[in-house]
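Observations on the three-dimensional arrangement
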Amino acid sequence: MESGVPPGADSPLAGVRILAVEQYGAGPFATMVLADLGAEVIKIEPPDGGDIGRRVPPWTVDDDSLFFQSLNRGKKSVAIDLKHPDGKALFGRLVARSDVVFSNARGTSPERLGITYEQLKRHNPAVVCAFLTGFGRRGPRADQPAYDYIVQAMSGMAAMGGEPDGPPVRAGVSVVDFSAGLAAAVAMLAGLHRARATGRGCDIDTSLFATALNLTNYLASWTMTRGYHPRRQPRGAHPSIVPSQLFETADGWVMVMCQTDAFFHELVQRMDLSDVAADARFADMAGRLKHKDELLTRLEREFKQHNVADWLARLEGGVPVAPVNDLVQALADPQVDALGLIVEYDHPEFGRVKQVAGPVQTFGERADPLPGPALGADTSDLLRGLAGVSEAELQELLSRGVVA
């Protein structure tokens, strides 16, 4: 397919075109990951306001926000009313020149919008129709609204978070949204690989609920296979590996994870705990779990004797350890700069915008990103160039509000 990527651009997804019928968080995150890798992502937005992420406070101006910018860099915007017959016809003309149609509309909405493979294959037999819904496109919850925090609660994740005597706790970031976005990106690439090999497109699905349940992984297997009942652990501890938790120091907190016997023995050596190192009760994982109360009492007492910086100087490089950073500290870590994990660009309203880069680093030079698009910024150019819309037809569509 033709693409807006400059010829010869050293991008893994150069030449891939995605029509994204998307809103808010998880869906835009999925396509931004692919846009960062060189795909041409065209947001198909309703003319009356566009993506609701454009209006998420606190930093908003007109039909734009820093929230929207964080999820839509490098994309284009075409404003089309997909509920209007003429809008559907225009969309079909774009589908004919595209590789993927992606949507994070709720449940059965894709069928109502007419964007499933069965409904679009007449325009393009090789088009991949990928869907990221809340609860899937079938089943009793299919049309229920779903958001990250709702699914964290429903999937058992929130029940496992927090201290044993405290309330359930959700993750501090939208872990389900962004994990589901990555799953959707993989789904699009899987469907595209098959389509290019066979010439046939398909429907391919993932959901917030499926992703969240998938994240319970070994805990779910233990529960179903051995009747295990997950319980909240003190100080964010691992359910079976000891020590693997937060420890309070003289001036803050560190996270220590001794997931192997070798790491544990390195830990107690660097802490100068020769008595613990020699204690047969703590020689292996099973013993440390059985005698965790005695071991943790000893370690907790020792960690309080020194501050965070002292423990990091002593343990880093030999033991998995980290300070509990706030976000400002996390963004200032030297590893961020070493990996080039901050991107920035100029925005006409917000000035110099800085964002976290995509999670995949690729070969070659990385082009400076472009801001997230203004609503309908590319409507005229793309309808003329891709859909073959004449100037007279375009003006008539604009006058009737079918496009904007």
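Here's a quick rundown of the structure. (Residues numbered from 1 in each chain as written. Predicted model: local features only at pLDDT ≥ 70, side-chain atom pairs only at ≥ 80, totals over all residues. Heavy atoms only, no water.)

**Quick word on the sheet that holds strand β2 (residues 40–45)**
Ordered in space as β5-β2-β1-β6-β7-β8, the 6 strands form an open sheet in which the pairing is parallel. At either end of the open sheet lies a strand with only one pairing partner, and these are β5 (76–79) and β8 (202–207). Neighbour-to-neighbour, the strand axes of this sheet turn through a mean angle of 20°, independent of strand direction. Bridging between β2 and β5 involves 4 bridges; their strand directions are parallel. Bridged to E45 within β5 is A79. On the sheet, helix α7 (residues 175–198) packs against β1 (17–21), β6 (100–103), β7 (128–133) and β8 and is oriented at approximately 165° with respect to β8. (Pairing = 2+ DSSP bridges. Helix = DSSP H or I, 4+ residues; strand = E, 2+ residues; numbered from the N terminus. Axes fitted to C-alpha atoms, helices over the stretch in contact; angles between N-to-C directions. Contact = heavy atoms within 4.5 Å.)

**Considering the nonpolar core**
Within the largest apolar cluster, 34 residues are counted, with the highest numbers of intra-cluster contacts made by I18, F102, M188 and L208. Going through the elements one at a time, β1, α1 (26–36), β6, β7, α7 and α8 (208–215) are the ones with two or more residues in this core. Excluding its chain neighbours within four sequence positions, the residues that come into contact with M188 are I18, A30, T31, L34, V100, F102 and A130. (Core = buried A, V, L, I, M, F, W, Y, C linked by side-chain atoms within 4.5 Å. Buried < 20%, exposed > 50% of the residue type's maximum accessible area, 1.4 Å probe, protein only.)

**Overview of the state of the cysteines**
Applying the stated criterion across every chain, the model contains 0 disulfides. Free cysteine: C129, not disulfide-bonded; nearest cysteine sulfur from C202 at 7.9 Å. Using a relative accessible area of 14% as the deciding quantity, one classes C202 as buried. (Disulfide = S-S within 2.5 Å.)

**With respect to the packing of α7 against α8**
How two helices sit against one another is set out by the angle between their axes and by the gap between those axes. The interhelical angle for the contact between α7 and α8, taken along N-to-C directions, is 100°, at an axis separation of 9 Å. Viewed along their axes, α7 and α8 adopt a mutual orientation that is roughly perpendicular. Between α7 and α8, the contacting residues are V176, D177, S179, A180 and A183 on the first element and L208, T211, A212 and L215 on the second. Here the contact of α7 with α8 is composed, by residue class, of 6 nonpolar, 2 polar and 1 charged. (Parallel < 35°, antiparallel > 145°, perpendicular 65-115°, else oblique. Nonpolar A, V, L, I, M, F, W, Y, C, P; charged D, E, K, R; others polar.)

**What about the pattern of salt bridges?**
If the charged atoms of two oppositely charged side chains come close together, the side chains can form a pair. Scanning the model with the defined rule gives 26 salt bridges in all. Of the charged contacts, one joins D51 and K43 as a salt bridge, the two residues approaching to 2.9 Å between their closest N and O atoms. Note on accessibility: D51 and K43 belong to one class, buried. Salt-bridge contacts for R400 lead to E396; the nearest nitrogen and oxygen are separated by 2.3 Å. What makes R400 partly exposed here is its relative accessible area of 39%. Residues participating in the shared-partner salt-bridge network are E22, K43, D51 and K75. (Salt bridge = Lys/Arg side-chain N within 4 Å of Asp/Glu carboxyl O.)

**Some details on the environment of R194**
With respect to the element layout, R194 can be found in helix α7. Taking relative accessible area as the criterion, R194 reaches 35% and is therefore assigned partly exposed. Separated by 80 residues in the primary sequence, R194 and S274 place their C-alpha atoms 58 Å from one another.

**Considering the packing of α1 against α7**
Packing of α1 against α7 leaves a shortest axis separation of 8 Å and a crossing angle of 50°. One way to sum up the angle between α1 and α7 is to call them oblique. In the packing of α1 onto α7, the handedness of the crossing is right-handed. In this structure, α1 uses A26, F29, A30, T31, V33 and L34 to contact α7, whose residues at the interface are D177, F178, G181, L182, A184, A185, M188 and L189. Of the residues in the contact of α1 with α7, the class split is 11 nonpolar, 2 polar and 1 charged. (Left-handed = near helix turned anticlockwise from the far one by under 90°.)

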